[in-house]
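Tertiary structure, described
Next come the chains, spelled out residue by residue.
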Amino acid sequence: MKLGMLLTTSSENQNSEIVFKLANIALSAGHEVDLFFMDDGVYNVVAKNKISPKFSELLAKGASLSLCGHTAEERGIDKEDCLEGVQYAGQYELACMVQETDRFLMFGGK
């Protein structure tokens, strides 16, 4: 099974921990995992962020991590600021992810 997840909230939100745990469980069960970070969710993969080591761990286990280049740039985040291995992407890549995954979950809120 291929699991896709969209995270739009920052690392201070409980969604970050939930996404990490779900992705970790899915990878441990042998599933593919694609994560997409958008809006304030891009802060989760900034290398200096306290939660970023967890997402780095997911990369090492084979998860695919992408972030919305547009919202990252709006927030002053450059590729060099992010974890190594995180891909800059756009809405087209997000749409492809939604189409290609067996299950797609969205985590956001106000």
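Residues numbered from 1 in each chain as written. Predicted model: local features only at pLDDT ≥ 70, side-chain atom pairs only at ≥ 80, totals over all residues. Heavy atoms only, no water.

One finds L35, F37, F55 and L65 to be the most contacted residues of the largest nonpolar core, which totals 27 residues. Among the secondary structure elements, those contributing two or more residues to this core are β1 (2-7), α1 (14-28), β2 (32-37), α2 (52-60) and β3 (64-68). Top element by residues in this core is α1. It accounts for five residues. In contact with F37, not counting residues within four places along its chain, are L7, V42, N44, V45, F55, L65, S66, L67 and C68. Counting residues in each nonpolar core, the second largest holds seven residues, with F36, M38, C68 and M97 among its members. (Core = buried A, V, L, I, M, F, W, Y, C linked by side-chain atoms within 4.5 Å. Buried < 20%, exposed > 50% of the residue type's maximum accessible area, 1.4 Å probe, protein only. Helix = DSSP H or I, 4+ residues; strand = E, 2+ residues; numbered from the N terminus. Contact = heavy atoms within 4.5 Å.)

Moving on, we come to the side chain of T101. Inspection of the secondary structure puts T101 in the loop between α4 (91-100) and β5 (103-107). Among the residues examined, T101 registers a relative accessible area of 10% and is labelled buried. A polar contact is formed between the side chain of T101 and the backbone oxygen of M97, at a distance of 3.0 Å. Separated by 3.4 Å, the side chain of T101 and the backbone oxygen of V98 make a polar contact. (Polar contact = N/O pair within 3.5 Å; in protein donor to acceptor, adjacent residues only side chain to side chain.)

We now examine the state of the cysteines. Using the criterion set out here, one finds zero disulfides in the structure. C82 supplies the cysteine sulfur nearest to C68, a cysteine that is in no disulfide, at a spacing of 12 Å. Residue classification places C82 among the buried residues on the basis of a relative accessible area of 8%. (Disulfide = S-S within 2.5 Å.)

Here we come to the pattern of salt bridges. Pairing of side chains with opposite charge becomes possible as their charged atoms draw close. One pass over the structure, following the stated rule, counts six salt bridges. Of the charged contacts in the structure, one is a salt bridge between E17 and K54, with a shortest N-O distance of 2.8 Å. A residue pair is termed long-range when its members are at least 10 positions apart, and E17 in helix α1 and K54 in helix α2 qualify at 37 residues. The residue E74 makes a salt bridge to R75 at a minimum N-O spacing of 3.7 Å. The exposed category is assigned to E74, whose relative accessible area is 54%. The class of R75 is partly exposed, set by a relative accessible area of 26%. (Salt bridge = Lys/Arg side-chain N within 4 Å of Asp/Glu carboxyl O.)

Turning next to a negative patch on the surface. Side chains of E73, D78, E80 and D81 sit close together on the surface and give a patch of like negative charge. Tracing the sequence through the fold places D81 in the loop between α3 (69-74) and β4 (87-89). By relative accessible area, D81 is classed as partly exposed at 31%. (Patch = residues over 30% accessible without salt bridge, like charges linked within 9 Å, V, L, I, M, F, W, Y side chains within 5 Å. Areas by Shrake-Rupley, 256 points an atom, 1.4 Å probe, with all protein chains shown as cover. Lys, Arg positive; Asp, Glu negative; His and termini not counted. Charge placed at Lys NZ, Arg CZ, Asp CG, Glu CD.)

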